[in-house]
Amino acid sequence: MSEQLKFIVEHLNKDPFKKNFNLITFDSLEPMQLLQILNDVLAEIDPKQTIDIREEMPDQTAKRMFTLLGMLKYKPPGNMSEPSSFRQGLVTGSKPVIHPILHWLLQRITELKKRAYLARFLVKLEVPAEFLQDDVITDTYHQYEELVEGFKTYHKECEQLKSSGFSTAEIRKDIGAMEEEKDQLIKRVERLKKRVESVSNHQRMLELARQLRVEKEREESLAQQKQEQKNQLFQAEQRLQRSQQQLKDLRQAAADAKPESLMKRLEEEIKFNSYMVSDKLPKELDSKRRMVQYLQKVVSEPAMGQAELGELEDKIRENNIEINLLIEKRMMRNDPIDDKLSLFRQQASIITRKKEAKAEELQEAREELAALDRELNQKNSQARDQDGDEVIRGDEFKRFVGKLRSKGTVFKKKRQEITELRAEYGVLQRTEEILKQRHEVGQQQLQSMEAQKGISGYSDTQEELERVSAIKSELDEMKGRSLDDMSEMVKKLNSTIVEKKSALAPIIKELRPLRQQCQDLTQEYEEKKAQYDSCAAGLESNRSKLEQEVRALREEMAQEENRYHYINCMKEIIEMQMQRAAEEMKAYVSPDPQERRKTIREQYMKNIAEQESLGKKLREQQKTVRESHGPNMKQVKMWRDLEQLMECKRQCFLRAQSQASIGQVIQEGGEDRLVL
């Protein structure tokens, strides 16, 4: 347990969690905090789980985590095998439940991220069976399954490309190496040509070398043809085996089949094969041919650069826009004849798609059945080689299991009867021994009495006569009883046959009109179903058309509504401006000077006059500044010189004070003298 906690704390302290826990702080966490840490780890695996559990109900949190753990294939430990206890511990944040989950998640977090990502696309939606009765829902569900299979294929290819290790740098490096090898080979060929030219009869030798090369190529082609013929022979043998297996299956099916069922099955196979030959296979062949022609055209054209590819993409985009515009124009035309034709075309396309889908499903089922038959034959042959016995099939195995079970029950009953009989046999054996002892004692007494009376052997003769008479009477009784039983059995059989016939006669009479009624109802059902399909297709087309019209009208309504609001706003703005203009004009033509002062024109004129006077003052100040600039600059220079002069005198005064203790300076006649 301590190792588990160490592992959890160590991984939680690393990126991307960075929790900064130790064993004590982690073990002392509250259940809510522990659940939040578990939710953070699950959010790292699946970003959809990023949520604050305080804002969610406990049951919803447990359900969400339980679902994700089930999707990640987490199995609780042995002491938490009960789902109710595990769910309760998950709701309450129990440490014995949360700690193993964290340990399991942190051990394989990279693998679980991939599993969660794939589960978003590979976990199929469960659609109830009653909804799948609708053709549209069925087609949509089939498309959804095809997209899931396509995602599996693309993901597998992506993983293979990632693991293959190919890169553009390596490919360019290989191309450069191949070009260098090509240059070296060209130089080598030129050197060999120069060497051969000096040899006599070199043309003949070159011709022989060319012939040798041709013969080697021919030998390789013949070897390839031989290999192809071997493959064809192997395929022919496989077809022969399949044909033999089909013949065997047909014989087994025909052993207990009726001619009507065989004819019906053959008709269905003929219809399917004719559809495949006349409709499906020619379309696939044409599409393959067009694809080959397109690929040949692409290969024959020179390599295009990025600019040319961009031009082609622009052209494709323009063509798609034109196609969409033409489709919209055609839909806006609302021609009733075209509407009817589009309805029938849509019905025909729906039926064609259904037919093609069912044909593909049948073809895939047949291929899968053939593969399973081949695998079964292979397993049977392997079993025969190992044991020498034929392996029983599924139905035979079921019958064998049923017989084995019935025999098992019979065996248990018989074994119980045997034990009872053995116990009874022991009792009877003991009784027989006692009776034999008594009989011997009685025989000895009888023989002694016969010897005394002089009639020895009388009892043996009497017993033999009684035994013979008893055997004769038993034989006569058995003969009479067997004859009586046979006559009674014949009477019972005759009476049973008469009773069954009389009981079945009214049922057969009732069954005949019911059969006719069943046929009529079946025919009526087919007609109603066809009417329903056509009506459903028509309603679907009308619904899609109405949806498009409603969508266009809603867009137009939104545009008109925006335009209406814009016009109303502009109208209000213009009205306000007109009102202000009318008030301005009214105040401007008013004879009252107070009203005139309130007008915007007067205010603007007043502001203009104030600004003009301010500008005039500023210009005068500018003129005075320009005129006094030169003298002012001179005065500034003079003040700076005066400041330097005063600083110099201050320095001299300070030096004089510092030198007063040394001597006295006397200034006379412009001279300075130092008197010590």
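Note that the structure is a prediction, hence the values are computed from the model and not measured.

The rules behind the values
Residues numbered from 1 in each chain as written. Predicted model: local features only at pLDDT ≥ 70, side-chain atom pairs only at ≥ 80, totals over all residues. Heavy atoms only, no water. Helix = DSSP H or I, 4+ residues; strand = E, 2+ residues; numbered from the N terminus. Buried < 20%, exposed > 50% of the residue type's maximum accessible area, 1.4 Å probe, protein only. Contact = heavy atoms within 4.5 Å. Areas by Shrake-Rupley, 256 points an atom, 1.4 Å probe, with all protein chains shown as cover. Axes fitted to C-alpha atoms, helices over the stretch in contact; angles between N-to-C directions. Parallel < 35°, antiparallel > 145°, perpendicular 65-115°, else oblique. Left-handed = near helix turned anticlockwise from the far one by under 90°. Phe/Tyr/Trp six-rings, centres within 6.5 Å; stacked < 30°, edge-to-face > 60°. pLDDT = per-residue confidence, 0-100. Nonpolar A, V, L, I, M, F, W, Y, C, P; charged D, E, K, R; others polar. Salt bridge = Lys/Arg side-chain N within 4 Å of Asp/Glu carboxyl O. Disulfide = S-S within 2.5 Å. Patch = residues over 30% accessible without salt bridge, like charges linked within 9 Å, V, L, I, M, F, W, Y side chains within 5 Å. Lys, Arg positive; Asp, Glu negative; His and termini not counted. Charge placed at Lys NZ, Arg CZ, Asp CG, Glu CD. Core = buried A, V, L, I, M, F, W, Y, C linked by side-chain atoms within 4.5 Å.

So, about the overall build of the protein. Helix and strand counts for the protein stand at 18 helices and two strands. Here the protein holds 676 residues, and the buried ones make up 12% of them. For the protein, the proportion of contacts with a sequence separation of at least 24, taken over those separated by at least 6, is 54%. When the accessible surface of the protein is split by element, carbon and sulfur atoms take 57% of a total near 57,800 Å².

Our focus in this paragraph is the packing of helix H3 (residues 31-45) against helix H4 (residues 58-71). Where H3 contacts H4, the two axes come as close as 12 Å, and the packing angle between them is 45°. By the angle between their directions, the pair H3 and H4 is classed as oblique. Along this stretch, H3 crosses H4, giving a crossing that reads as left-handed. Residues Leu35, Leu38, Asn39 and Leu42 of H3 lie in contact with H4, whose contacting residues are Arg64, Met65, Leu68 and Leu69.

Centre distance and the angle of the planes are the two values used to describe a pair of aromatic rings. A complete count under the given rule lists two aromatic pairs for this structure. Geometrically, the ring pair formed by Tyr141 and Tyr144 is tilted, given 6.0 Å between the ring centres and 40° between the ring planes. Separated by three residues within a single helix, Tyr141 and Tyr144 lie in helix H8 (residues 135-164), roughly one turn from each other. For Tyr144, a relative accessible area of 23% corresponds to the partly exposed category.

In this section: the confidence of the model for the protein. Caution applies to low-pLDDT regions: their predicted coordinates should not be interpreted in detail. For the protein, mean pLDDT is 79; residues scoring 70 or higher make up 86% of the total. For the protein, strand S1 (residues 664-668) is the element with the lowest average pLDDT, namely 57, and helix H18 (residues 629-658) is the one with the highest, namely 90.

Turning our eyes to something else, we now look at the packing of H3 against helix H6 (residues 95-107). Where H3 meets H6, the closest approach of the two axes is 11 Å, and the angle between their N-to-C directions is 25°. Accordingly, the angle class assigned to the pair H3 and H6 is roughly parallel. When you trace H3 past H6, the crossing you get is left-handed. Between H3, through Leu34, Leu35, Ile37, Leu38, Val41, Leu42 and Ile45, and H6, the contact on the second element is made entirely by Lys95, Ile98, His99, Ile101, Leu102, Leu105 and Leu106. Classifying every residue of the contact of H3 with H6 by side-chain character gives 12 nonpolar, one polar and one charged.

This paragraph deals with the pattern of salt bridges. Under the criterion given, the structure shown has 14 salt bridges. Close ionic contact of Lys152 with Glu149 constitutes a salt bridge, the shortest N to O distance being 3.6 Å. Within this pair, Lys152 and its partner Glu149 are both found in helix H8, separated by three residues, close to a single helical turn. Judged by its relative accessible area of 37%, Lys152 is partly exposed. In this structure, Arg317 engages Asp314 in a salt bridge whose closest nitrogen and oxygen atoms are separated by 2.8 Å. Here Asp314 and Arg317 lie together in helix H12 (residues 306-333), a separation of three residues that amounts to about one turn. With a relative accessible area of 47%, Arg317 lands in the partly exposed category. By relative accessible area, Asp314 is classed as partly exposed at 36%. Because the salt bridges share partners, they merge into one network encompassing Glu540, Arg543 and Glu547.

Tallied over the entire structure, the rule returns zero disulfides. Summary of cysteine pairing: Cys648 is not part of a disulfide, and the nearest cysteine sulfur, belonging to Cys652, is at 4.4 Å.

Mapped onto the fold, Asn39 is located in helix H3. Those residues in contact with Asn39, other than ones at most four positions away along the chain, are Gln49, Ile51, Ile53, Arg64 and Met65.

It is worth spelling out a positive patch on the surface at this point. On the surface, Lys187, Arg188, Arg191 and Arg195 cluster together into a patch of positive charge. Counting through the fold element by element, Arg191 comes out in helix H9 (residues 168-197). For Arg191, a relative accessible area of 49% corresponds to the partly exposed category.

A surface patch of negative charge is lined by Glu179, Glu180, Glu181 and Asp183. Within the element layout of this structure, Asp183 appears in helix H9. Taking relative accessible area as the criterion, Asp183 reaches 42% and is therefore assigned partly exposed.

As a further point, take a nonpolar patch on the surface. A surface patch of nonpolar side chains, amounting to about 600 Å² of accessible area, comprises Tyr566, Ile567, Met570, Ile573, Ile574 and Met578. Mapped onto the fold, Ile567 is located in helix H15 (residues 458-588).

Within the largest apolar cluster, 33 residues are counted, with the highest numbers of intra-cluster contacts made by Leu12, Phe26, Leu38, Leu72, Ile101, Leu102 and Leu105. Leaving out residues up to four positions away in the same chain, Leu72 has contacts with Ile45, Trp104, Leu105, Leu112, Arg115 and Ala116.

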